[in-house]
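# Examining the three-dimensional arrangement
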Amino acid sequence: MAIDRLPAGLVLSGGSLFFTEETMPDSLRREHALPAQHWAVLHAFEGSVTFVDLQADAERIIPAPDHIIIHPEVRHLLAGEGPFRCRMDFFREPDPDIHMGTPGAHADEAVRDSLERCEANGGFAEVFYNTFLNASAEIAPYFASTDFERQRTLLRDTVYTMVSHHVTEPEMRELLEKLGEAHNRNNRNVLPVLYELWLDSICETAKALDPEWSEDLDRQWRARLRPGMQIIMAAY
Ligand code: HEM
């Protein structure tokens, strides 16, 4: 069984590496299921991946850039013939027994504190755009007629929102869908391949501005922003 919306209230619990037709583990190509209370979002970035629902005896092809929601305990397997690139984000229902609330709660706080240290130390959005526009020759032309004062405010507010809220919150989904639309092929035509540079530039900015930067924080920033970023990207 597959639906296209993740239920509200789940928390991010992890993410996979990128897989291609050569590197997708055999365990995913064999029958398997997520444990109770665990969900996954499978994003196809290139080519297409086939989701085979063994319980419903149904197949769904996921062409890039699209995604599918995988439900707890549904026996399934993945298949893909031609070249493809995909990855997964894992979510779980919150566990009230875990100290500090949800599994993601501590990480959220660490990233938010880091962003606040960055802000205290300089303009996050200004350093970000200096970094991002120099990350590839393909990026500057997109911003040829941008009002950067407005853009910096919007970017700063959006990053703060992405750091503070889960992608599963309805308001957050709405924002991400709106940004997905603004960036997709019908509007700004931001190529999906450029998003990784966006995330790298965010982390480079935080590294430059946060005096307490560490490898662990780098991981936490990426884990925090990636799920939202993938949703914006998947709207291409
Ligand atoms: C998760 C990643 C990203 C986020 C959160 C983000 C956020 C935003 C926001 C908040 C806006 C303002 C929207 C508005 O006008 O209402 C915007 C506009 C824009 N973004 Fe992004 N962005 C992302 C990735 C990218 C990437 C990878 C590019 C590649 C070039 C890009 C290019 C642009 C451009 C060209 C605009 C319009 C600027 C203008 O008004 O002239 N964005 N983005």
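How each quantity is defined
Residues numbered from 1 in each chain as written. Predicted model: local features only at pLDDT ≥ 70, side-chain atom pairs only at ≥ 80, totals over all residues. Heavy atoms only, no water. Buried < 20%, exposed > 50% of the residue type's maximum accessible area, 1.4 Å probe, protein only. Helix = DSSP H or I, 4+ residues; strand = E, 2+ residues; numbered from the N terminus. Pairing = 2+ DSSP bridges. 1 Å grid on protein atoms, 1.4 Å probe; cavity = no way out; pocket = protein on both sides within 12 Å on 5 of 7 lines; lining within 4 Å. Points joined across faces, edges and corners; volume = space filled by probe spheres on them. Nonpolar A, V, L, I, M, F, W, Y, C, P; charged D, E, K, R; others polar. Salt bridge = Lys/Arg side-chain N within 4 Å of Asp/Glu carboxyl O. Near = heavy atom within 4 Å. Polar contact = N/O pair within 3.5 Å; in protein donor to acceptor, adjacent residues only side chain to side chain. Sits in = over half its atoms within 2 Å of the grid points. Expected span 1.5 Å × (residues − 1). Arc of directions from axis to C-beta.

Time to look at the pairing of strand β3 (residues 38-46). Along any regular strand, the residues point their side chains to alternate faces of the sheet. By the criterion of burial, β3 is predominantly enclosed, with seven of the nine residues buried. Examined bridge by bridge, β3 and strand β8 (residues 85-92) share eight bridges and lie antiparallel to one another. By the bridge assignment for β8, V41 is matched with D89. Sheet topology places β3 next to strand β6 (residues 66-70); five bridges connect them, and they run antiparallel. Bridge assignment links A44 to a residue of β6, and that residue is D66.

Turning next to empty space enclosed by the protein. It is a probe the size of a water molecule, rolled over the atoms, that shows where empty space is left. Evaluation of the coordinates by the stated rule reveals two cavities of 30 Å³ or more. Of the voids in this model, the largest cavity is the one considered here, and its volume is about 60 Å³. Taken together, eleven residues make up the lining of the largest cavity; nearest its centre are H165, H166, V167, R224 and P227. Of the residues forming the lining of the largest cavity, the biggest block, four residues, is contributed by helix α7 (residues 215-234). Class assignment of the residues belonging to the lining of the largest cavity gives a composition of seven nonpolar, three polar and one charged. Of the volumes computed, that of the second largest cavity is approximately 40 Å³. Those elements that provide at least two residues to the lining of the second largest cavity are β3, β8 and α7.

With that settled, the discussion passes to the pattern of salt bridges. Overall, the coordinates contain eleven salt bridges when judged by the stated rule. Between R226 and E196 there is a salt bridge; the shortest N-O distance is 2.7 Å. Residue R226 is located in helix α7, and its partner E196 is located in helix α6 (residues 195-209); the two are separated by 30 residues in the primary sequence. With a relative accessible area of 13%, R226 lands in the buried category. Here E196 falls in the partly exposed class, since its relative accessible area comes to 26%. Here R222 makes a salt bridge to D200, at a shortest N to O gap of 2.9 Å.

Before going further, it helps to spend a moment on the site of the ligand. Around the ligand, the surrounding shell holds 18 residues, and the nearest of these are F143, T146, T158, H183 and W198. Here an oxygen atom of the ligand sits 2.6 Å away from a polar atom, N or O, in the side chain of T146. In the model, an oxygen atom of the ligand is placed 3.4 Å from a nitrogen or oxygen of the R188 side chain. Here the ligand occupies the largest pocket. Going through the elements one at a time, α4 (148-164), α5 (170-183), α6 and α7 are the ones with two or more residues in the shell around the ligand. Per element, the largest residue contribution to the shell around the ligand is five residues, and it comes from α4. Residues belonging to the shell around the ligand are distributed by class as follows: twelve nonpolar, four polar and two charged.

Here we take up α5. Along its 14 residues, α5 runs 20 Å from first to last C-alpha, staying within 8% of the 20 Å computed at 1.5 Å per residue. Those residues of α5 that sit buried are M172, R173, L176, L179 and G180. Buried residues of α5, viewed axially, fall in a sector of 130°; they line one side. Exposed residues on α5 whose side chains face more than 90 degrees from its buried face are P170, E171, E174 and K178.

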